[in-house]
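Architecture at a glance
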Amino acid sequence: MYVNRVNKTAYCRQHFIEYFERKVKKTIRKYRMLGKTEHIVVAVSGGKDSMALLYFLWKMSKKNPGWRVSALIVDEGIRGYREYTIANFLRVNERLGVPYKIASFKEYFGMTLDEIVEEGRRRGLPYLPCAYCGVFRRYLLNKVAREMGGTVLATAHNMDDVVQTFIMNLAKDTLDKLARLAPVTGIASHEKFVRRIKPFIEVTEKETSIYALLNGLIEPEYHKCPYAEFNVRFKIRKMINELEEAQPGTKNSLLNSYLSIVRLLGEKRQVGEVKTCKICGEPSSHDVCRACQFRIGLGILEK
Ligand code: SF4
Ligand code: ZN
């Protein structure tokens, strides 16, 4: 049984699934995330959140004949971690039969993340593993989703992810990055930008985990990314969870604060900022995109 401490309601298995799906469908309608005809490319890591999103959209596509669902798995090349989550995706997908593509850092950038981290350290570059990982992953998701013919890219960011990133940006004084967290991004901002949606933005990590568990989507044995300890996100996650425990509804309030701020920042400002990378031709907020800047620094791209 699951007890939602915000709306003070208890749910059995069946009612929880109904509650969860109803809530996500409402989010999709509220933010007009999907039209009648879509090729939805789901960004999948093989972990519980992205498997829950893939399963949910696959289930919804059975009732919406205009929706086609594919999966895009980015293999960063993190030994002892990513091979297990990809195996979990393949295990679950035997049941779903969703068409998929695995795009690896090795194939597209010539190095695995493990090799990039090693090379970065050797060259004395100041970046943490998650910085390379996030930039290269975002880059590949957009590029490959477009190559797959996707009309929309769905990511599994939930309420916890968004409020954590919100606080991280506040703490780092990087408010310009907040627009990226919005429920829908990339509308008409660049011809090469695939529209992105976050259908799970109004459900919590806990609710997503329960949904994944109830539908048999969780990997049999949990594996953690070996670079996670370097990520400040995990400290912020702990802090927000403690606040939520003491005062249920804190995450909801933080999400609403974020949404109010992003409304004030305005979509127009974001549209004006998107340029085209001089090196690779992909959308970028600088003359040379972050991925190409990293590649130059790592010696895997000529200046
Ligand atoms: Fe990538 Fe960092 Fe997440 Fe590991 S913890 S998958 S390195 S972003
Ligand atoms: Zn570039």
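Please refer to the structure higher up on the page.
Looking at the coordination of the zinc ion (ligand 2)
In this structure, C277 (SG), C280 (SG), C289 (SG) and C292 (SG) serve as the protein donors to the zinc ion (ligand 2), at separations of 2.2 to 2.3 Å. One way to put it: the four donor atoms around the zinc ion (ligand 2) meet at angles of 105 to 115°, and that makes the site tetrahedral. The sequence pattern describing where the donors of the zinc ion (ligand 2) fall on their chain is C-x2-C-x8-C-x2-C. Linking C277 in the loop between β9 (275–276) and β10 (283–284) with C292 in helix α12 (residues 290–298), this pair joins segments that are 15 residues apart in sequence. Residues C277 and C292 agree in their burial class; the two are buried.

Digging into the layout of surface pockets
Quantified by volume, the second largest pocket comes out at close to 450 Å³. Together, 20 residues line the second largest pocket, and Y2, T204, K206, E244 and K251 are the ones closest to its centre. Class assignment for the residues of the lining of the second largest pocket results in six nonpolar, five polar and nine charged.

Examining a positive patch on the surface
Taken together, the side chains of R22, K25, K26, R29 and K63 make up a positively charged region of the molecular surface. With four residues, the single largest contributor to the positive patch is helix α1 (residues 13–30). Looking at the secondary structure, you find K25 in helix α1.

Examining the sheet that holds strand β7 (residues 184–185)
Read across the open sheet, the six strands follow the order β5-β4-β3-β6-β8-β7; overall the sheet is mixed. With partners counted over all chains shown, the strands left at the sheet margins are β5 (100–104) and β7, one partner each. Here strand β6 (residues 152–154) pairs with strand β8 (residues 195–197) via three bridges, running parallel. Directly across from A154, in β8, lies its bridge partner I197. Helix α3 (residues 82–96) contacts β3 (38–44), β4 (67–75) and β5 of the sheet and is inclined by roughly 160° relative to β4.

Focus on the environment of A156
Note on placement: A156 falls in the loop between β6 and α7 (159–172). Overall, A156 belongs to the buried group, its relative accessible area being 12%. Sequence separation of A156 and S50 is 106 residues, and the distance between their C-alpha atoms is 5.1 Å.

Rules used throughout
- Residues numbered from 1 in each chain as written.
- Chains lettered and ligands numbered in written order.
- Predicted model: local features only at pLDDT ≥ 70, side-chain atom pairs only at ≥ 80, totals over all residues.
- Heavy atoms only, no water.
- Donors = N, O, S within 2.8 Å, 3.2 Å for Na, K, Ca; no water.
- Tetrahedral: all angles 85-135°; square planar, octahedral: opposite > 155°, others 65-115°.
- Helix = DSSP H or I, 4+ residues; strand = E, 2+ residues; numbered from the N terminus.
- Buried < 20%, exposed > 50% of the residue type's maximum accessible area, 1.4 Å probe, protein only.
- 1 Å grid on protein atoms, 1.4 Å probe; cavity = no way out; pocket = protein on both sides within 12 Å on 5 of 7 lines; lining within 4 Å.
- Points joined across faces, edges and corners; volume = space filled by probe spheres on them.
- Nonpolar A, V, L, I, M, F, W, Y, C, P; charged D, E, K, R; others polar.
- Patch = residues over 30% accessible without salt bridge, like charges linked within 9 Å, V, L, I, M, F, W, Y side chains within 5 Å.
- Areas by Shrake-Rupley, 256 points an atom, 1.4 Å probe, with all protein chains shown as cover.
- Salt bridge = Lys/Arg side-chain N within 4 Å of Asp/Glu carboxyl O.
- Lys, Arg positive; Asp, Glu negative; His and termini not counted.
- Charge placed at Lys NZ, Arg CZ, Asp CG, Glu CD.
- Pairing = 2+ DSSP bridges.
- Contact = heavy atoms within 4.5 Å.
- Axes fitted to C-alpha atoms, helices over the stretch in contact; angles between N-to-C directions.

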